[in-house]
Amino acid sequence: TMGEGGDAEAPVSLAERHHRNPDGALRRDVWPRIVDSDMRIPNHYAALLALAGETPETAQQIEKDLPRTGATFAVQGLLKPGLPMWESLRNVLTAYAAHDPVMGYVQSMNFIAAFLLLAGLKEEDAFWCLIALVDRVVPGYFSEGMAAAKLDQRVFARLLHIHLPAVGLHLETLAPDNIVCGIISSQWLLTLFVNVLPTDVTMRIWDRVFSTGSRAPLFAACIALLTPRSNDVLGCNEMGECIELLQGLGDDLGDADADGFLAVVDAHLANELSPTLVLLETARERGRHRRPSDAGLPDSVLAIAPVTEIDELTAGLCSDLEDVVGRRALRRWSGAEDGKALFTGDLECDDWEMAGDVAADDGASEGRDLAGEIEMLRDMGEGPSRAGSP
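Residues numbered from 1 in each chain as written. Predicted model: local features only at pLDDT ≥ 70, side-chain atom pairs only at ≥ 80, totals over all residues. Heavy atoms only, no water.

Visitor: Would you mind showing me how to read the overall build of the protein chain here?
Guide: Counting its regular elements, the protein chain contains 20 helices and zero strands. Counting over 390 residues, the protein chain shows a buried share of 48%. A separation of at least 24 residues holds for 72% of the contacts in the protein chain among residues at least 6 apart in sequence. Total accessible area on the protein chain stands at roughly 18700 Å², and carbon and sulfur atoms take up 52% of it. (Helix = DSSP H or I, 4+ residues; strand = E, 2+ residues; numbered from the N terminus. Buried < 20%, exposed > 50% of the residue type's maximum accessible area, 1.4 Å probe, protein only. Contact = heavy atoms within 4.5 Å. Areas by Shrake-Rupley, 256 points an atom, 1.4 Å probe, with all protein chains shown as cover.)

Right under this line is the structure:
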């Protein structure tokens with residue numbers, strides 16, 4: 001290739017092929033920014049490696065999985081016994097198992113760690129990025145019971161019904177309990193699309209995961225991958241046939257389609273599948289369709305209050321009250337600075353009673369008894385759900 005001024009640029013080696021993002025920045029410089037300074041502990045990584053021999057069962061499992069990982073990335077020519085990346089992968093997985101002995105090493109972490117190294121990250125940076133992904137981006141995916149992964153299977157089904165309703169309904173008819181959604185979302189989300197999409201495309205999805213610090217790009221990729229093949233999915237009459245089709249969607253994404261696919265992903269991220277709205281849909285799923293497994297969700301997920309239908313009806317009524325009495329009055333009642341805190345999940349009963357009283361004093365909006373409606377909803381739901389509810 002030719003550089004500026006007509007000078008020939010050195011060809012990119014196989015080992016460096018995935019080291020730069022489309023903007024030319026080195027991923028080893030960009031991706032580790034997700035690791036906060038308070039997360040990274042000096043000398044922690046070296047100390048963990050010194051404990052390597054204390055968990056022989058974990059070490060044996062890692063040794064079994066290294067060849068499997070190497071076979072998957074064989075085309076890269078980088079994961080072979082004796083090569084630096086092979087040793088680095090062993091070290092990263094061993095250190096993670098020692099770092100979190102409760103969770104330990106879980107199969108499929110090997111592919112995620114290998115992908116970090118494939119992107120050119122230094123060994124210790126790959127270790128800290130693995131922690132950030134497992135603990136912050138997809139918390140609870142790999143813990144015992146996999147509660148968060150099960151929740152995201154339901155979120156995936158929910159998003160299908162919103163964005164591709166015909167596909168969502170069809171998958172439900174092929175098998176009960178959203179089995180098809182569960183199988184496919186597990187293969188796509190649990191792997192963070194490693195081995196699902198072409199490596200170059202997955203790297204660019206991960207660029208978005210690291211820049212947002214969110215799993216929203218994964219859901220955006222799911223919808224973008226399914227949309228152009230909706231008719232093919234609708235044409236499947238059996239569960240096995242449908243699963244086979246869905247499992248091969250990533251293989252069908254050629255180089256010529258990559259830019260268009262990622263443009264659709266970015267459009268979703270900028271609008272209806274932004275990180276904030278994905279959190280909202282997750283809260284709605286928890287509020288409307290609670291499952292026993294939700295009790296095992298990590299604290300970071302439970303910290304966001306579930307949103308029930310009553311919550312949303314109440315929010316709508318509060319919006320109507322704002323139209324009647326004005327935002328300034330609502331701000332005075334709730335003690336908020338932005339006039340939007342009347343429905344935040346932190347109000348007490350007195351706030352609801354005050355809102356009802358003032359609405360009664362000011363009269364109904366278009367014939368509606370707003371005070372009475374809020375009182376009824378308060379009695380049904382005791383106000384908005386509180387953070388931390390499973």
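Visitor: What is the right way to read the packing of helix H5 (residues 109–118) against helix H6 (residues 123–137) from this model?
Guide: When two helices pack together, their arrangement is captured by the angle between the axes and the distance separating the axes. Two elements in contact, H5 and H6, have axes whose closest approach is 9 Å; the angle formed by their N-to-C orientations is 130°. Taken together, the axes of H5 and H6 lie oblique to each other. H6 is crossed by H5, and the crossing has right-handed handedness. Two secondary-structure elements touch here, H5 through Met109, Ile112, Ala113, Leu116 and Leu117 and H6 through Glu123, Ala126, Cys129, Leu130, Leu133 and Val134. Looking at the contact of H5 with H6 residue by residue, the classes come out as 10 nonpolar, no polar and one charged. (Axes fitted to C-alpha atoms, helices over the stretch in contact; angles between N-to-C directions. Parallel < 35°, antiparallel > 145°, perpendicular 65-115°, else oblique. Left-handed = near helix turned anticlockwise from the far one by under 90°. Nonpolar A, V, L, I, M, F, W, Y, C, P; charged D, E, K, R; others polar.)

Visitor: Whenever I open this one, H5 confuses me. Can you help?
Guide: What sets the pattern is the α-helix's 3.6 residues per turn: residues three or four places apart point alike. The buried fraction of H5 amounts to 10 of the 10 residues, a majority that puts the element mostly inside the structure. Every buried residue belonging to H5 is among Met109, Asn110, Phe111, Ile112, Ala113, Ala114, Phe115, Leu116, Leu117 and Leu118, and all of these are buried. Just beyond H5, the residue with positive phi is Gly120, at close to 95°.

Visitor: Whenever I open this one, helix H4 (residues 84–99) confuses me. Can you help?
Guide: Counted at 1.5 Å a residue, the expected span for H4 with its 16 residues is 22 Å, and the 22 Å between its end C-alpha atoms agrees. Of the positions making up H4, those classed as buried are Met85, Trp86, Ser88, Leu89, Arg90, Val92, Leu93, Thr94, Ala95, Tyr96 and Ala97. (Expected span 1.5 Å × (residues − 1).)

Visitor: Is there a simple way to think about the nonpolar core in this case?
Guide: In summary, soluble globular proteins display a tendency toward joint burial of nonpolar side chains. One finds Leu116, Trp188, Trp206 and Phe261 to be the most contacted residues of the largest nonpolar core, which totals 102 residues. Contacts of Trp188, omitting those with residues within four sequence positions, involve Phe156, Phe193, Val196, Cys222, Leu225, Leu226, Leu246 and Leu249. (Core = buried A, V, L, I, M, F, W, Y, C linked by side-chain atoms within 4.5 Å.)

Visitor: How should I be thinking about the packing of aromatic side chains in this particular structure?
Guide: The geometry of two aromatic rings is summed up by the distance between their centres and the angle between their planes. Evaluation of the coordinates by the stated rule reveals nine aromatic pairs. An aromatic cluster is built from Trp31, Phe115, Trp206 and Phe210, whose rings are joined through pairwise contacts. (Phe/Tyr/Trp six-rings, centres within 6.5 Å; stacked < 30°, edge-to-face > 60°.)

Visitor: Could you clarify how one ought to interpret the environment of Gly145 in this entry?
Guide: Its location among the elements puts Gly145 in the loop between H6 and helix H7 (147–163). According to the relative accessible area criterion, Gly145 is partly exposed, its value standing at 43%. Taking the C-alpha atoms as reference points, Gly145 and Leu297, 152 residues apart in sequence, are found 9.2 Å from one another.

Visitor: Help me out: how do you make sense of the side chain of Asp294 in this one?
Guide: Mapped onto the fold, Asp294 is located in the loop between helix H15 (275–288) and helix H16 (299–302). Given a relative accessible area of 1%, Asp294 falls into the buried group. Among the polar contacts made by the side chain of Asp294, one reaches the side chain of Arg154 at a distance of 2.9 Å. (Polar contact = N/O pair within 3.5 Å; in protein donor to acceptor, adjacent residues only side chain to side chain.)

Visitor: Teacher, can you tell me more about a nonpolar patch on the surface here?
Guide: Side chains of Ile179, Ile183 and Met239 sit close together on the surface and give an oily, nonpolar patch of about 200 Å² of accessible area. One can find Met239 in helix H13 (residues 239–247). (Patch = residues over 30% accessible without salt bridge, like charges linked within 9 Å, V, L, I, M, F, W, Y side chains within 5 Å. Salt bridge = Lys/Arg side-chain N within 4 Å of Asp/Glu carboxyl O.)

Visitor: When you look at the packing of H7 against helix H11 (residues 216–226) in this model, what are you seeing that I'm missing?
Guide: Direction vectors running N to C along H7 and H11 enclose 45°, while the axes themselves pass 11 Å from each other. With respect to H11, the element H7 is oriented oblique. By crossing handedness, the relation of H7 to H11 is classed as right-handed. Along its contact with H7, which presents Asp152, Val155, Phe156, Leu159, Leu160 and His163, the element H11 presents Phe219, Cys222, Ile223 and Leu226. When grouped by side-chain class, the residues that make up the contact of H7 with H11 number eight nonpolar, one polar and one charged.

Visitor: Is there a simple way to explain the environment of Ile304 in this structure?
Guide: One can find Ile304 in the loop between H16 and helix H17 (309–325). Judged by its relative accessible area of 33%, Ile304 is partly exposed. Along the sequence, Ile304 and Ala283 sit 21 residues apart, while their C-alpha atoms lie 6.9 Å from each other.

Visitor: For this particular structure, what's the right way to read the pattern of salt bridges?
Guide: Working definition: two side chains of opposite charge can pair if their charged atoms are close together. The full count for this structure, using the stated rule, is 17 salt bridges. With a closest N to O distance of 2.8 Å, Arg27 and Asp207 form a salt bridge. With Arg27 in helix H1 (residues 27–30) and Asp207 in helix H10 (residues 199–212), the pair connects residues that are 180 residues apart, well separated along the chain. Where Arg154 meets Asp294, a salt bridge forms, and the shortest distance between an N and an O atom there is 2.9 Å. One end of the pair, Arg154, is in helix H7; the other, Asp294, is in the loop between H15 and H16, and 140 residues separate them in sequence. Counted as one network, the salt bridges with shared partners bring together Arg158, Glu281, Arg284, Arg288 and Glu312.

Visitor: Honestly, unusual backbone geometry in this entry has me stumped. Any pointers?
Guide: Glycine aside, the phi torsion of most residues is negative, and most peptide linkages are trans. For Met146, which is not a glycine, the phi torsion comes out positive at approximately 50°. Relative to the elements of secondary structure, Met146 occurs in the loop between H6 and H7. Unusually for a residue other than glycine, Asp177 sits at a positive phi of about 55°. On the secondary structure map, Asp177 appears in the loop between helix H8 (165–174) and helix H9 (179–189).

Visitor: Help me understand the confidence of the model for the protein chain in this model?
Guide: Interpretation of the predicted coordinates at a detailed level should be avoided for regions scoring low in pLDDT. Here the protein chain shows a mean pLDDT of 82. Residues at 70 or above account for 76%. No element of the protein chain has a lower mean pLDDT than helix H19 (residues 349–362), at 43, and none a higher one than H11, at 97. With pLDDT under 50 throughout, residues 337–365 is counted as low confidence; its partners more than four residues away or in other chains account for 52 contacts. Predicted confidence for residues 383–389 stays below pLDDT 50, and this span has 27 contacts to residues more than four positions away or in other chains. (pLDDT = per-residue confidence, 0-100.)

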